[in-house]
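# Examining the three-dimensional arrangement
What follows is the residue order along each chain.
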Amino acid sequence: MSSPSHVEHEHHSSTGLDNRKLAVWAFLGSETMFFGCFILVMLINKHNTLGGQGQEILDLALTSVTTFVLLTSSLSMVLSLAAFRNGSIVWGRIWLGLVILMGIVFLGGQVYEFSEFVHHGLTPSTNLFGASFFTLVGFHGAHVAIGVLWLTTVFVYSYRGRFKSGSDMWGIEFVGLYWHFVDLVWVAIFTLIYLV
Amino acid sequence: MATLSANVPDTRIFSGTAWSWITTVDHKRIAVLYLVTSLGFFLVGGLEALLLRLQLSRPELDIVAPDRFVELFTMHGTTMVFLALMPLSAAFFNLLIPLMIGARDVAFPRLNALSYWIYLFGGIFINISFVAGGAPNAGWFGYAPLTAVQFESTHAIDFWAFGLQILGISSILASINFIVTIINMRAPGMTLNRMPMFVWMSMITAFLIIFAFPAITVGLILLIFDRYLSTSFFLPGGGGDPILWQHMFWVFGHPEVYILILPAMGIVSEILPTFSRKPLFGYAVVAYSGAAIALLGFGVWTHHMFTVGLGPIADTAFAISTMAIAVPTGVKIFNWIATLYGGSISFKTPMLFAIGMVAMFIIGGLSGVILGSPPIDSQTQDTYFVVAHLHYVLFGGTVFGLFAGIYHWFSKITGRLMHDGWGKVHFILMMLGFNLTFLPQHLLGIDGMPRRIHTYPSDMGFDLWNMLSTIGAFMIALSIVVFAVNALRSTRSGEVAGSDPWDGGTLEWTIPSPPPVYNFAEIPVVNSQYPAWDAKRGSGHTGADNPTLEHDPNASHSNIHMPNPSYWPILLAAGLVLAACGLIFHQVLILLGAMIFGISLFGWIEEPAA
């Protein structure tokens, strides 16, 4: 529970867990299956190149950097929530802004990567390596993009009287859970597609 | 049953303007919306079936053109699975879960409304295809490459693919809501092992939905990309694999079968004890076998693909897992029979349908074990034997179970009982008609009549069985007419039921019919699996006189705070489906839909929730 001084809902809860948190866990469970299917399709088609561009086109150096940025953003997210909880709304905003910034850097890297691939003749319709890659990484990127929009909304809301000391921090916790999940999915994608 | 105030039940919570229905977030009203809508789609799917049977009644008829025939069987399956039976189960989830666990509403009332509106608009969306260039025509499991652009260049498949995506969103959101409601909002003392069995089965179904639907979501995304972005995920010409679609569909599709049957099993597990006046035999085993069915259900999908040629090892493994499911299923059936054993049984209509469900489901289960054997399956694949099997499970099982539930809980919504005599007429007609329709189809299948064909020559020995099957189908239709008239008449002039017409054991029978908007004036404290029975037996009175469980209609409940109505759910759903329309008709609609969606999202966030 985010803060003891604030009563979330009048409903009692059988497990003691917040209803909303339980809902997010259920949703993320569903999302795990969603990405699991995309990752499986990618693994099936990893060498399905029809003689065209394949795994060798992946730029490990660039993606390692953006991966590092994305994973670091999770740390920043944790620090942001902690700062808001400790009543330091300024630091909360700073860390939150950094998360947004790092998310944008990651997305920028992805846009660059995609346009480079297209430039080198790999599009979704080139072969199934391309199709699976763009689909999997694209859907992950879409999740990151939604996360960035969402974080920005939370950032703006922090100027509108929300997330003050002792108030309900659910808005930050919610986007935080989502953000960590999206990062975690990227760990799987980076390992299975880029490293292996 | 106490006639406290008058002979007329207080149905005010179900009256009100159209606007009050559009903005409602009350789980009971949403249940009614689900009920009416799903029965409407049930009629549509039924009419499609009648047309199919009419065409097949005699050899070499041409009542329905071949192209239309394909559309009709595709839409019959799609409609019945996604628009009729799943939402009809959802009607029961909505009505019963909060009432049975002693809650005032579901965990997220607005999300609940959103699920309904997405479902309604999604159902309309798919059916628009009939007048917008052609309905989906690749079968309800849409096998590749029938769905490829080069074989179907109209939007028929797009309606199907986008429509199922929309319905999937609705199902997943609803399931998250029910999971949280069941896990977190049970009345004090209601441990998991004191939950009514229907709530157990609802929870398992909800978990199945959130874990199984992503597979078809991803499959459909890949299909849409194949059609819109010229990828070839399922097209061998581009290195793709049509079998991948079959895997993705059935990884979803087999759990889907349990998504359809488990709620009916839950309903039957409530009705059999009530009308046998005995607790459910082997409660814990029935609950855990439901969970076992769900888990095993994820490991049997390639039994739909035995003729694909995955090899003897895969076939053997999946045959074993398939037959293993018969164990927990058999456990349930034996427990139901043991519940009846020694009980003082009263054969009211709900009980007849419940017993009918068990009996018909046994037949469907047995033919399922037969089909689980790869050599037999290879002979009967794509014949009417499979059609007979799946209808014994989904009609004999699910539909009979759901009708049992409608007769059983009708009074909880309307305050009145359905007429028992006409209910029995409905049961007899449906039981005879159902068996007349589908029993001969076993024989047709063994004789080699393939499913999904437009017609057949007269010298194949198929004539008699097809004619009987068609007659049976019209008997079912007649039984539905009896049901509809009975339901409509009973709503207005049925016998007033009071709060507890069947001497029920679960919490919903301790509150008035229909319940007040807040359900429970005081949240009850639960000490057993059948708290209402305990209260009644313990005090030696009827439930109406029990002070701990009964709601006092004269008390003031102004301090109970219920969520406010909201129009954001319907707007959000409209935006979503409008955007999907844009992908088919005109891009402007995508923009418009996205705008409505975005505005509604922020409206939703800004709106004070409760």
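As the structure is a computational prediction, the values presented were derived from the model and not from experiment. (Residues numbered from 1 in each chain as written. Chains lettered and ligands numbered in written order. Predicted model: local features only at pLDDT ≥ 70, side-chain atom pairs only at ≥ 80, totals over all residues.)

Moving on, we come to the overall build of chain A. Helix and strand counts for chain A stand at 5 helices and 0 strands. Start at the N end of chain A and walk to the C end: the helices and strands fall as α-α-α-α-α. Once the C-alpha set of chain A is aligned to its principal axes, its extents read approximately 65 × 35 × 25 Å. Look at the contacts in chain A between residues 6 or more apart in sequence, and 80% of them connect residues 24 or more apart. (Helix = DSSP H or I, 4+ residues; strand = E, 2+ residues; numbered from the N terminus. Contact = placed C-beta atoms within 7 Å.)

A tally of helices and strands in chain B yields 17 helices and 0 strands. Over its C-alpha trace chain B gives a radius of gyration of 24 Å, about what one expects of a compact globule, namely 25 Å for 610 residues. Considered along the principal axes of its C-alpha atoms, chain B spans approximately 70 × 60 × 45 Å. Across the 610 residues of chain B, 57% fall into the buried class. For chain B, long-range pairs separated by at least 24 residues make up 81% of all intrachain contacts whose partners lie at least 6 apart in sequence. (Rg over C-alpha atoms; globule rule 2.2 N^0.38 Å. Buried ≥ 20, exposed ≤ 12 C-beta atoms within 10 Å, placed from the backbone.)

All names here are of chain A. Across its 31 residues, helix 3 (residues 89–119) extends 44 Å between first and last C-alpha, which sits within 8% of the 45 Å expected from 1.5 Å per residue. Among the residues of helix 3, those classed as buried are Gly-92, Trp-95, Leu-96, Val-99, Met-102, Gly-103, Phe-106, Gln-110 and Phe-117. In this structure, the buried side of helix 3 is in contact with helix 2 (60–85), helix 4 (128–157) and helix 5 (170–195). (Expected span 1.5 Å × (residues − 1).)

Of the residues lining the interface, 26 residues belong to chain A; the matching set on chain B comes to 28 residues. Those elements giving two or more residues to the side of chain A that touches chain B turn out to be helix 1 (19–44) and helix 4 of chain A. The leading source of residues in the side of chain A that touches chain B is helix 1 of chain A, at 12 residues. Taken together, the residues of the side of chain A that touches chain B break down into 14 nonpolar, 11 polar and 1 charged. (Nonpolar A, V, L, I, M, F, W, Y, C, P; charged D, E, K, R; others polar.)

Let us look at the packing of helix 3 of chain A against helix 4 of chain A. Residues and elements named next belong to chain A. Two elements in contact, helix 3 and helix 4, have axes separated by 10 Å at closest approach and are oriented at 155 degrees. Taken together, the axes of helix 3 and helix 4 lie roughly antiparallel to each other. Here helix 3 and helix 4 pass one another in a crossing that is left-handed. Residue-level inspection shows Arg-93, Leu-96, Gly-97, Val-99, Ile-100, Gly-103, Ile-104, Phe-106, Leu-107 and Gln-110 of helix 3 in contact with helix 4, the latter providing Val-137, Gly-141, Val-144, Ala-145, Gly-147, Val-148, Leu-151, Thr-152, Val-154 and Phe-155. Grouping the amino acids of the contact of helix 3 with helix 4 by side-chain chemistry returns 13 nonpolar, 6 polar and 1 charged. (Axes fitted to C-alpha atoms, helices over the stretch in contact; angles between N-to-C directions. Parallel < 35°, antiparallel > 145°, perpendicular 65-115°, else oblique. Left-handed = near helix turned anticlockwise from the far one by under 90°.)

Moving on to the nonpolar core. Here is a general trend for soluble globular proteins: nonpolar side chains tend to be buried in one another's company. In this structure, Ile-179, Val-268, Ala-354, Met-357 and Ala-404 of chain B are the most contacted members of the largest nonpolar core, which totals 237 residues. Here this core takes 23 residues from helix 3 (residues 66–101) of chain B, the largest share from any one element. Setting aside chain neighbours within four positions, we find Ile-179 of chain B in contact with Ala-26 of chain A together with Met-203, Ala-206 and Phe-207 of chain B. (Core = buried A, V, L, I, M, F, W, Y, C linked by C-beta atoms within 7 Å.)

Turning our eyes to something else, we now look at helix 3 of chain B. Residues and elements named next belong to chain B. Over its 36 residues, helix 3 extends 50 Å from the first C-alpha to the last, a length consistent with the 52 Å expected when each residue adds 1.5 Å. Along its length, helix 3 shows its largest kink, about 40 degrees, at Met-80. Here helix 3 lies mainly inside the structure; 33 of its 36 residues are buried. A positive backbone phi angle near 75 degrees is found at Gly-102, which sits one or two residues after helix 3. (Bend = angle between axes of the 7 residues up to and from the residue.)

Let us now look at the confidence of the model for chain B. Residue and element names in this part refer to chain B. Per-residue pLDDT for chain B has a mean of 92; in total, 95% of the residues score no lower than 70. Within the model, pLDDT remains below 50 along residues 1–5, and this stretch shows 11 contacts once partners closer than five positions in the same chain are excluded. When the criterion is pLDDT under 50, residues 550–555 qualifies, and its contacts beyond four places in sequence or with other chains add up to 13 contacts. (pLDDT = per-residue confidence, 0-100.)

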